[in-house]
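The lines below spell out each chain.
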Amino acid sequence: MMDIKKEHWSPLLLDWFAAHGRDLPWRDESPRDPYKVWVSEIMLQQTKVETVRPYYDSWMEHFPTIPALAAASQDEVLRQWQGLGYYSRARNLHEAVQEVQAKYGGHVPENKKEVQSLKGVGDYTAGAILSLAYGQKEPAVDGNVLRIFARLYDIEENILSTPVKKAVTVLVAEQLPDDAPGAFNEALMDLGAMICIPKHPRCQDCPLEKLCLAHRAGKEGELPIRLVKKKSPVEDITVVVVRNGSQWLVHRRPPTGLLASMWEFPNAQGKGEDGLRAVCQLLAKKGLTLAADDQPIGSLKSIFSHKTWQMTIYEGCITQGKLEEEEDWQWIDCKDYASLPWAGPHGKITAMV
Ligand code: ADE
């Protein structure tokens with residue numbers, strides 16, 4: 001039995017691709033025009049090949065070259081994209097093509113850093129352009145490639161994690177043939193679309209069946225593992241920097257929980273008028289009447305492991321009442337701010353006022 005970890009299996013894949021690769025409009029030239037590769041790859045993001053076909057053909061009739069697209073108006077560009085969705089793709093492509101026209105005389109750069117710096121071009125698209133159009137040995141790792149490699153190499157970890165993506169990129173780079181890196185990348189795309197498909201892979205038709213570790217173990221249906229990180233909830237917080245001359249009113253947080261025992265400006269959950277009303281109510285409990293400005297002085301975002309604070313900051317003053325100074329409510333001189341242990345983002349607010 002072959003050992004996949006040592007095996008150079010690219011000839012098996014390339015032979016299969018020569019016999020079964022799809023006939024697609026962006027593949028009909030040799031060598032490939034980098035502009036056409038670029039347009040097709042952007043259109044194919046989150047969109048099926050069959051949906052892209054007519055859009056691609058019509059696009060190339062309207063904007064056959066980089067200068068043609070660079071000279072088009074945004075309205076014309078969006079009209080051609082209409083129906084494909086995710087319109088920022090079209091705007092970014094248009095902007096990036098104008099940059100290529102202005103900065104590189106209309107020649108798509110052949111240098112990885114320069115290609116990656118173009119708007120809307122990430123690692124995957126840069127790898128596709130450089131390998132398909134310029135024959136460079138660059139991996140192009142997308143979700144299809146991650147799924148194929150998770151099965152071939154029996155990777156039982158989350159394929160959406162950065163370490164797994166990096167490891168797969170190294171494994172692809174090890175396999176890339178010197179003389180046909182573009183064909184190799186495109187063969188993986190077709191294998192992922194036709195054979196190594198998500199739910200019920202067609203292993204009996206796969207050129208790599210004998211090598212595939214997940215198939216050997218009967219696990220091809222269980223891999224890959226895709227764990228989408230849950231987005232942590234966002235809390236709106238209204239903060240008021242309450243001044244009295246050179247003094248600031250500050251509060252020490254409770255001794256347990258998030259940012260325990262650290263100091264903060266008066267604040268409450270909520271935003272806009274609701275948030276300001278909540279801070280007024282908080283201070284009313286201390287016998288203080290707050291007059292806050294109705295326009296914020298700024299905003300801050302603070303990300304914790306389990307939640308995010310979206311903070312809006314106002315200034316204000318006390319118009320009535322006197323603070324009974326307690327352990328956890330005090331006036332401090334703003335000159336002494338550095339001596340307080342500030343609760344995370346509240347320390348940054350001191351620099352805003
Ligand atoms: N999906 C993404 N890029 C592709 C390409 N060049 N050919 C077919 N499917 C793709």
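Residues numbered from 1 in each chain as written. Predicted model: local features only at pLDDT ≥ 70, side-chain atom pairs only at ≥ 80, totals over all residues. Heavy atoms only, no water.

K.L.:
Would you mind going over the environment of Asp142 with me for this structure?
P.N.:
Looking at where Asp142 falls in the secondary structure, it is placed in the loop between helix H8 (123–134) and helix H9 (143–152). A C-alpha to C-alpha distance of 9.2 Å links Asp142 and Asp123, two positions 19 residues apart in sequence. Among the polar contacts listed, one links the side chain of Asp142 to the backbone nitrogen of Asn144, at a separation of 3.1 Å. A distance of 3.1 Å separates a polar atom in the side chain of Asp142 from the backbone nitrogen of Val145. (Helix = DSSP H or I, 4+ residues; strand = E, 2+ residues; numbered from the N terminus. Polar contact = N/O pair within 3.5 Å; in protein donor to acceptor, adjacent residues only side chain to side chain.)

K.L.:
Even after reading the chapter, I still don't get the pattern of salt bridges, so can you show me in this structure?
P.N.:
For side chains of opposite charge, pairing can occur when their charged atoms come near one another. Taken as a whole and assessed by the stated rule, the structure comprises 20 salt bridges. Asp190 is paired through a salt bridge with Arg22; the nearest N and O atoms lie 2.7 Å apart. Taken together, the residues span a long stretch of sequence, with Asp190 in helix H11 (residues 181–194) and Arg22 in the loop between helix H1 (10–20) and helix H2 (34–44) at a distance of 168 residues. Since its relative accessible area comes to 0%, Asp190 is described here as buried. Overall, the relative accessible area of 23% leaves Arg22 in the partly exposed class. Across the pair Glu315 and Arg243 runs a salt bridge, and its minimum N-O distance is 2.9 Å. One end of the pair, Glu315, is in strand S7 (residues 308–320); the other, Arg243, is in strand S1 (residues 234–244), and 72 residues separate them in sequence. Residue classification places Arg243 among the partly exposed residues on the basis of a relative accessible area of 30%. Overlapping salt bridges, with partners in common, bring together Arg22, Arg27, Arg32, Glu186 and Asp190 in one network. (Salt bridge = Lys/Arg side-chain N within 4 Å of Asp/Glu carboxyl O. Buried < 20%, exposed > 50% of the residue type's maximum accessible area, 1.4 Å probe, protein only.)

K.L.:
Help me out: how do you make sense of the nonpolar core in this one?
P.N.:
Taken as a class, soluble globular proteins show a tendency for nonpolar side chains to be buried jointly. Counting 40 residues, the largest nonpolar core has Tyr35, Trp38, Trp59 and Leu93 as its most contacted members. Looking at this core, the elements that each hand over two or more residues are H2, helix H3 (49–62), helix H4 (66–71), helix H5 (74–81), helix H6 (88–104) and H8. In terms of residues, this core owes the most to one element, H8, which gives 7 residues. Beyond its immediate chain neighbours, meaning those up to four positions away, Trp59 contacts Tyr35, Val39, Met43, Pro64, Leu69, Val77, Gln80, Trp81 and Leu93. One finds Trp9, Ile148, Leu191 and Leu211 within the second-largest nonpolar core, a separate group that totals 35 residues. (Core = buried A, V, L, I, M, F, W, Y, C linked by side-chain atoms within 4.5 Å. Contact = heavy atoms within 4.5 Å.)

K.L.:
Before we go on, may I ask you to explain H8 in this structure?
P.N.:
Because each turn of an α-helix spans 3.6 residues, side chains separated by three or four positions in sequence point in the same direction. Between the first and last C-alpha of H8 there are 16 Å, a value that for 12 residues agrees with the 16 Å anticipated at 1.5 Å per step. By the criterion of burial, H8 is predominantly enclosed, with 10 of the 12 residues buried. Elements in contact with the buried residues of H8: H2, helix H7 (112–116) and H11. Following H8 by one or two positions, Gly135 adopts a phi angle in the positive range, close to 65 degrees. (Expected span 1.5 Å × (residues − 1).)

K.L.:
Looking at this structure, I do not really get the site of the ligand. What am I missing?
P.N.:
Surrounding the ligand, one finds Arg22, Leu24, Trp26, Arg27, Glu41, Leu44, Val49, Tyr124, Glu186 and Met189. The separation between a nitrogen atom of the ligand and a polar side-chain atom of Tyr124 is 3.2 Å. The separation between a nitrogen atom of the ligand and a polar side-chain atom of Glu186 is 3.2 Å. Isolated, the ligand exposes 260 Å² of accessible area, and the fraction of that covered by the protein chains is 92%. Taken together, the elements giving at least two residues each to the shell around the ligand come down to H2 and H11. For the shell around the ligand, the residue count by class is 6 nonpolar, no polar and 4 charged. (Near = heavy atom within 4 Å. Areas by Shrake-Rupley, 256 points an atom, 1.4 Å probe, with all protein chains shown as cover. Nonpolar A, V, L, I, M, F, W, Y, C, P; charged D, E, K, R; others polar.)

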